[in-house]
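The primary structure of each chain is shown beneath.
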Amino acid sequence: MLSEKSRPVVEATLPVIAERIPHITPVFYRDMFAARPDLMDGMFSRSSQLEGTQPRALAGSIAVFAQWIVQHPDSYPEEVLSRVAHKHASLGLRPEEYPTVYRYLFGAIAKDLGEAATEEVVAAWTEVYWLMADALIALEKGLYAVQANDVMRAPFRLVRRVRAADDVADLTFEPADDTPMTPAQAGQYVSIFCRAEDGLLQPRQFTLLPSEPGQRRIAVKLDPAGEMTPIILDKLTEGDVIEISNPYGDVTLGGFGDDGDGPLWLFSAGIGVTPMIAFVSELVRQGSQREVTVVHTARDFASWPLREELAELVARLPHGRLISCTTASAEGDHAGRVRVPELDVPADAVAYLCGPLPFMKDVRSQLVDAGVPGQRIRYEIFGPDQWMLHDQAREE
Ligand code: FAD
Ligand code: HEM
């Protein structure tokens, strides 16, 4: 809990800190990577840095956390902390690194605020930083403790590579040593570590697809402007060995509180179909009697990854239904974007969303308008979560 001494100081300086974050973060990262270039080799994503999404996510989340603990002194924003801890754990982050981020972040704050960074202000924000860091360290420790092994990543061999759609490869890996594998929950992801053109080790996250025991299976969509997917799609061939993390991620069925047995609605677009396939496969495995509706949006059927697999899985659910929306062909059940009012989504539905951010924002607001409470709408973002910083999504 924030001390009585720091609370008013944090409250008074929150607007200025929040406003200065875009100026503070480039200096923080520049200084940190100058001193610790090794953090870019196997930990941070170079593209996220260049693009600026991750810097904003990390520093911005501290302001979000501060605002939360000022307004709700007896609790923490658990959903935000959980997402970050899972991401950190997938990257193998160790507690020893928290003083590094503290040092360079607060160095940048002092530089930016100049005289306004009084001893009192720095002390109050230091308290905020360590409250958040300690909460994350505790969560990460708990996540590491339940793994079947004590390594952060292990070697896996690519054993099968097939085409899943235009520009999407379906890849299956098997362990290349005897490290025990942690079973994954449906909806979880792994970080995979591959070398960039210049040899730098770069992690990226991929949702796990249903597979045989003893395998990890993912679908990778080419991002032509990206750094790693062109390498994964062009260069990674059967027999190659790469390193893969244990499974992490809290967007699992019932992962955040009890979902109950009510109607389940899964909305995906593009490669966002991957968690939905994992969910439906798990429901089939459980023999679920739940009413499950999967709504997928694609340009056309050829660009819809793993369409047949999804359709077969949905058909195996006694109360399963697949609805397609196609934006550039007449193949789907509906032409154009998802229009929730035409779907009769019941107000007691639980919904999961995955796809590009504009798609998720659109579907989410349509669902809220249709009477589905915001707390029952969960989502997975295939990149740093900037939504929590700019949207009141979690407060409705
Ligand atoms: P990156 O190199 O990360 O680039 C991404 C974007 O950054 C580019 O499009 C470009 O706009 C910008 N960029 C890159 N380089 C620069 C530069 N030099 N300057 C400025 N901007 C630049 N993907 C899947 O295909 N399947 C999945 O199942 C999947 N699951 C995911 C699950 C989670 C939890 C998360 C977080 C992500 C998931 N992703 C998935 C996304 C995946 O992790 C990668 O982000 C994605 O594949 C792009 O990787 P990349 O290395 O090709 O692109
Ligand atoms: C990702 C917050 C400490 C390394 C993130 C994200 C947030 C965040 C919000 C984005 C998560 C997402 O939505 O995907 C924090 C906070 C910290 C902290 C509040 C301290 C209190 C650290 C430390 C390190 C670190 C100490 C390592 C030195 C990373 C990396 C990512 C990440 C590598 C993934 C982003 C990428 O791929 O570039 N963190 N973090 N973080 N964090 Fe942290």
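What this report covers is the structure whose coordinates are included nearby.

Reading guide: rules and limits
- Residues numbered from 1 in each chain as written.
- Chains lettered and ligands numbered in written order.
- Predicted model: local features only at pLDDT ≥ 70, side-chain atom pairs only at ≥ 80, totals over all residues.
- Heavy atoms only, no water.
- Helix = DSSP H or I, 4+ residues; strand = E, 2+ residues; numbered from the N terminus.
- Contact = heavy atoms within 4.5 Å.
- Donors = N, O, S within 2.8 Å, 3.2 Å for Na, K, Ca; no water.
- Near = heavy atom within 4 Å.
- Polar contact = N/O pair within 3.5 Å; in protein donor to acceptor, adjacent residues only side chain to side chain.
- Areas by Shrake-Rupley, 256 points an atom, 1.4 Å probe, with all protein chains shown as cover.
- Pairing = 2+ DSSP bridges.
- Axes fitted to C-alpha atoms, helices over the stretch in contact; angles between N-to-C directions.
- Salt bridge = Lys/Arg side-chain N within 4 Å of Asp/Glu carboxyl O.
- Phe/Tyr/Trp six-rings, centres within 6.5 Å; stacked < 30°, edge-to-face > 60°.
- Parallel < 35°, antiparallel > 145°, perpendicular 65-115°, else oblique.
- Left-handed = near helix turned anticlockwise from the far one by under 90°.
- Nonpolar A, V, L, I, M, F, W, Y, C, P; charged D, E, K, R; others polar.
- Buried < 20%, exposed > 50% of the residue type's maximum accessible area, 1.4 Å probe, protein only.
- Expected span 1.5 Å × (residues − 1).

Once that is clear, we can look at the environment of Ile231. Within the secondary structure, Ile231 is located in helix H7 (residues 229–235). Once the C-alpha coordinates of Ile231 and Arg195 are considered, the two residues, 36 residues apart in sequence, prove to be 8.5 Å apart. Apart from residues lying up to four places away in sequence, Ile231 is in contact with Arg195, Ala196, Glu197 and Leu236.

Six octahedral donors around a metal ideally subtend angles of 90 or 180 degrees, whereas four tetrahedral donors ideally subtend 109.5 degrees. Counting protein donors around the iron atom of ligand 2 gives one, His88 (NE2), at 2.1 Å. Following the sequence through the fold, His88 ends up in helix H4 (residues 78–90).

Bringing the site of ligand 1 into the picture now. Near ligand 1, the surroundings consist of 24 residues, among which Ser47, Gln205, Asp223, Glu227 and Thr229 are the closest. The separation between an oxygen atom of ligand 1 and a polar side-chain atom of Ser47 is 2.5 Å. At a separation of 2.8 Å, an oxygen atom of ligand 1 approaches a polar backbone atom of Met228. Contact with the protein chains hides 78% of the accessible area of ligand 1, taken as 970 Å² for the molecule alone. At four residues, strand S4 (residues 201–207) tops the list of elements feeding residues into the shell around ligand 1.

Here we come to the sheet that holds strand S10 (residues 334–335). Strands sit in the order S10-S9-S8-S7-S11-S12 across an open sheet of six strands; the sheet is parallel. The sheet terminates laterally at S10 and strand S12 (377–380), the two strands that pair on one side only. Of the pairings in the sheet, the one linking strand S7 (residues 264–269) to strand S11 (residues 350–354) comprises five bridges and is parallel in character. From the neighbouring strand, Phe267 faces S11, where its bridge partner is Leu353. Against the sheet, helix H8 (residues 273–286) touches S7, strand S8 (292–298) and S11, its axis set at about 150 degrees to S7.

It is worth spelling out the pattern of salt bridges at this point. For the structure shown, the criterion picks out 19 salt bridges. Here Arg195 ties to Asp41 by a salt bridge, and the two come within 3.9 Å at their closest N and O atoms. One end of the pair, Arg195, is in strand S3 (residues 189–195); the other, Asp41, is in the loop between helix H1 (6–35) and helix H2 (46–51), and 154 residues separate them in sequence. For Lys235, the salt bridge goes to Glu197, with nearest N and O atoms at 3.0 Å.

Moving on: the sheet that holds strand S6 (residues 241–245). Here we have six strands laid out as an open sheet, ordered S4-S3-S6-S1-S2-S5, and antiparallel in their pairing. Edge strands, defined here as strands with exactly one partner in the open sheet, are S4 and strand S5 (216–221). Averaged over all pairs of adjacent strands, the angle between their axes in this sheet comes to 40 degrees, without regard to strand direction. Bridge count between strand S1 (residues 153–165) and S6: five bridges; the pairing is antiparallel. Bridge assignment links Arg157 to a residue of S6, and that residue is Val241. Seen against the sheet, H4 touches S3, S4 and S6 and runs at an angle of roughly 40 degrees to S3.

Our focus in this paragraph is the packing of aromatic side chains. Note on aromatic pairs: each is described by the distance of the centres and the angle between the planes. On inspection of all chains with the given rule, the structure shows 13 aromatic pairs. Between Phe65 and Tyr76, the aromatic rings sit 5.3 Å apart at their centres with planes inclined by 50 degrees, giving tilted as the arrangement. Pair noted here: Phe65 is in helix H3 (residues 53–71) and Tyr76 is in the loop between H3 and H4, with a separation of eleven residues, a long-range link. Here the aromatic cluster, defined as three or more aromatic residues joined through ring pairs, consists of Phe28, Tyr29, Phe33 and Phe44.

For the rest of this paragraph, the subject is the packing of H8 against helix H9 (residues 307–315). At a minimum axis distance of 9 Å, the contact between H8 and H9 shows a crossing angle of 30 degrees. Taken together, the axes of H8 and H9 are roughly parallel relative to one another. The hand of the H8/H9 crossing is left-handed. Here H8 contributes Val273, Ile277, Val280, Ser281 and Val284 to the contact with H9, which in turn contributes Glu309, Leu310, Leu313 and Val314. Of the residues contributing to the contact of H8 with H9, the split by class is seven nonpolar, one polar and one charged.

Residue position: Thr207 is located in strand S4. Within the structure, Thr207 has its side chain in polar contact with the side chain of Thr274 (distance 3.4 Å). Discounting residues that sit within four places of it in the chain, Thr207 has contacts with Gly187, Gln188, Tyr189, Arg217, Ile218, Thr274, Pro275 and Phe382.

On to the packing of H1 against helix H6 (residues 119–145), then. With their axes 9 Å apart at the nearest point, H1 and H6 run at an angle of 95 degrees to one another. Taken together, the axis directions place H1 and H6 in an arrangement best described as roughly perpendicular. Here H1 contributes Ser6, Val9, Val10, Thr13, Leu14 and Ile17 to the contact with H6, which in turn contributes Glu120, Val121, Ala124, Trp125, Glu127 and Val128. Along the lines of polarity and charge, the residues of the contact of H1 with H6 split into eight nonpolar, two polar and two charged.

Judged by how many residues are buried, S4 sits mostly within the fold: six of seven residues are covered. Pairing between S3 and S4: seven bridges, direction antiparallel. Bridge pairing in S4 places Val190 opposite Phe206.

Turning our eyes to something else, we now look at helix H5 (residues 98–113). Between the first and last C-alpha of H5 there are 22 Å, a value that for 16 residues agrees with the 22 Å anticipated at 1.5 Å per step. Among the residues of H5, Tyr98, Thr100, Val101, Tyr104, Leu105, Phe106, Ala108, Ile109 and Leu113 are the ones counted as buried. At the C-terminal side of H5, Gly114 shows a positive phi close to 60 degrees.

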